[in-house]
Amino acid sequence: MSELLNSSSSGTPRVRFAPSPTGFLHVGSARTFIFNWLYARRNSGTMILRLDDTDVERNTDASVHSIFEGLKWLGLNWDEEYKQSERGELHRQMAEAIFRKGLAYRDFTPAHTGDSERSGTQGTWLFNPGMRELSREESDRRAAAGEKFALRFRVPRDAGDVVRFTDAVYGEQIKAAADIEDFALLRSDGMPTYHLASCADDADLRITHIIRGQDHLSNTYKHVLIFEAAGFTPPQFAHLPLLVAPDGTKLSKRRHGPVVSVTTYRDAGFLPEAFINFLCLLGWSPKDDRTKMSRQELVEIFSLEGINRANAVVNFKENASSNASSALSTVIPSEARDPGVPYDEDTFDPKALWLNAEHIRGLAIGDLSERLLPIVREAGFNVTQERMVQITPLIRERIKLLRDILTAADFFFVDQLPPYDPAELIPQKGDAAMAQKVLTRAKEVLANVEFKHDPLDRALRAAAQELGLKAGQMFQPIRVAVCGRKNAPPLFETLEVLGKEKTLDRIEQATSRLK
RNA sequence: GUCCCCGUCGUCUAGCCUGGCCUAGGACAUCGCCCUUUCACGGCGGUAACACGGGUUCAAAUCCCGUCGGGGACGCCA
């Protein structure tokens, strides 16, 4: 019944992402943003970004940058933006209103006292003795005398009192008021706490759906209390299962390293759309067999019903991440990083990698080459756009991360091939002499053939037959001579793109290496 | 310690609400085969899960209870 009233009266949804800028944007936060965004876009709603910067001590500009940077990369936008620190007046007004109704009281207990006694005490702390019962007169007198106090919510204490709400994901939630402590609304310096500020803003901004991490599920009882005390109907809640590390604990930068930071994925060469796709599949399902989905597709099919309740593991390699890439701390701007330190593919969740490769394969050549070009140039190679367009089709199905272009197509970019083991030139069931014979013949043949796929194909196959070799035995030495390794794109296409001059030059060099 | 949440292949998940169509489906990873000039892509196939114990029922992954396991919250942090 209440659900009906709520949804019919709320009009278009208004959702918000409210990070506290105390660190880089991490993957869990990004997912929360995405789910909110998807919900807003799906239902023609409004997406609001609110910086919950109430904690002056811990907020940093760098963190705000990191959040914006991450969201920008993901291509996620928002319609309204607020800073909680600029809305203090609103928060105090709500506190005042609650206090005047007698639903909050002043607590003159000095701050930071409960720490040690709490751990020693059996059972839950509920309130500081003596404060909840203080008469209004005495409370006013002490406040007027300038005594510092925190404002606490007067949680109902009658037997049988309960707080309840319906969560779109976790269903009916009921908790005995006796299990909720008298939480603070205002600190003794007059600043609002998170609970108060958050609720005041959510009410003021007419937020209709609060979609956030499940770590807030038990805070929600307090929020319901605040909303109701201030005379507002609480919004709808939808709590998301947490993203956890392979060890089952909440993702944290300290413990798990850069794999929890969004910019790490960007710098490693993930496609934003693939990364979004991956994140969506953690804790949400389209309920059919689809896995690869475009942003548009996600907007079309996203719904709160598809969210599940169990925590989802981001299956990265813990050791690899903390050792191999600790130097790549995401706090350091990308320019400052050592480009020589490669991202280890093994650190990432294999499904993220696969999805990325899947999205890469789905990209048009022009699009992909445009994304590849800056990476290649940043690595110090001089490559034209035209050339990149030629190379791209040869590696599109061979890379998982954009940065893989650097290792997959290196031989196109350099003048001189890095040293390789001449033994690689020797074909299957052959010897150095055979390799020598192949390369010598190849040189002659290639000197007089048009460097296009079909003529190359015909000429080299014919040469193989002449020499009494299998095609593979013919191609392998040439491939290694030209690419510097056995595993490479198809030979004829490669030769065509590489050109006659470089090809002949490299074969020449290979023959001398064989000696 | 108190309260809350969760528990299907190694991982992400479908199925659970509305018991039978589930000898539990898909995807990634892994293994094998095929395709093939290498690699990759692609195709085909294999290994692999209802945490456990009790109920209820003709019938339980699905409903109930308990146990165990995991996670989260209990701040004048957010």
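Residues numbered from 1 in each chain as written. Chains lettered and ligands numbered in written order. Predicted model: local features only at pLDDT ≥ 70, side-chain atom pairs only at ≥ 80, totals over all residues. Heavy atoms only, no water.

Before we go on, may I ask you to explain helix 11 (residues 272–280) in this structure?
Three or four residues apart is the spacing at which side chains of an α-helix point the same way, because the helix has 3.6 residues per turn. Helix 11 sits mainly inside the fold: 9 of its 9 residues count as buried. The set of residues buried in helix 11 consists of Pro272, Glu273, Ala274, Phe275, Ile276, Asn277, Phe278, Leu279 and Cys280. Lining the buried residues of helix 11 we find helix 2 (27–42), helix 3 (61–74), helix 10 (262–268), helix 12 (295–301), helix 14 (350–361) and helix 15 (365–378). (Buried < 20%, exposed > 50% of the residue type's maximum accessible area, 1.4 Å probe, protein only. Helix = DSSP H or I, 4+ residues; strand = E, 2+ residues; numbered from the N terminus. Contact = heavy atoms within 4.5 Å.)

Mind showing me how you'd approach helix 19 (residues 432–447) here?
With 16 residues, helix 19 ought to run about 22 Å at 1.5 Å a step, and its terminal C-alpha atoms sit 22 Å apart, in line with that. Residues Met434, Ala435, Val438, Leu439, Ala442, Val445 and Leu446 constitute the buried set of helix 19. One side of helix 19 holds all its buried residues, which, seen down the axis, span an arc of 130°. In this structure, the buried side of helix 19 is in contact with helix 20 (453–467), helix 21 (471–483), helix 22 (491–498) and helix 23 (500–514). (Expected span 1.5 Å × (residues − 1). Arc of directions from axis to C-beta.)

Would you mind going over the pattern of salt bridges with me for this structure?
A side chain with one charge may pair with a side chain of the opposite charge, provided their charged atoms come close. Considering all chains together, one arrives at 35 salt bridges under this definition. A salt bridge links aspartate 415 to lysine 502; the shortest N-O distance between them is 3.7 Å. Of this pair, aspartate 415 sits in the loop between helix 18 (410–413) and helix 19 while lysine 502 is found in helix 23, placing the two residues 87 residues apart along the sequence. Glutamate 444 is paired through a salt bridge with arginine 441; the nearest N and O atoms lie 2.7 Å apart. Note that glutamate 444 and arginine 441 are positioned in helix 19 at a spacing of 3 residues, about one turn of the helix. The exposure class assigned to glutamate 444 is partly exposed, which follows from its relative accessible area of 42%. Because the salt bridges share partners, they merge into one network encompassing Arg16, Arg50, Asp52, Arg87, Asp201, Asp202 and Asp204. (Salt bridge = Lys/Arg side-chain N within 4 Å of Asp/Glu carboxyl O.)

Looking at this structure, I do not really get the sheet that holds strand 4 (residues 104–107). What am I missing?
Across a sheet, strands are paired by hydrogen bonds formed along the backbone, either parallel or antiparallel in direction. Across the sheet, 3 strands lie side by side as 4-5-8; this open sheet has antiparallel pairing. Of all the strands in the sheet, the pair left with one neighbour each is strand 4 and strand 8 (184–186). Across the sheet, the axes of successive neighbouring strands diverge by a mean angle of 40°, strand direction being ignored. Here strand 4 pairs with strand 5 (residues 150–153) via 4 bridges, running antiparallel. Counted as the bridge partner of alanine 104 is phenylalanine 153 from strand 5. (Pairing = 2+ DSSP bridges. Axes fitted to C-alpha atoms, helices over the stretch in contact; angles between N-to-C directions.)

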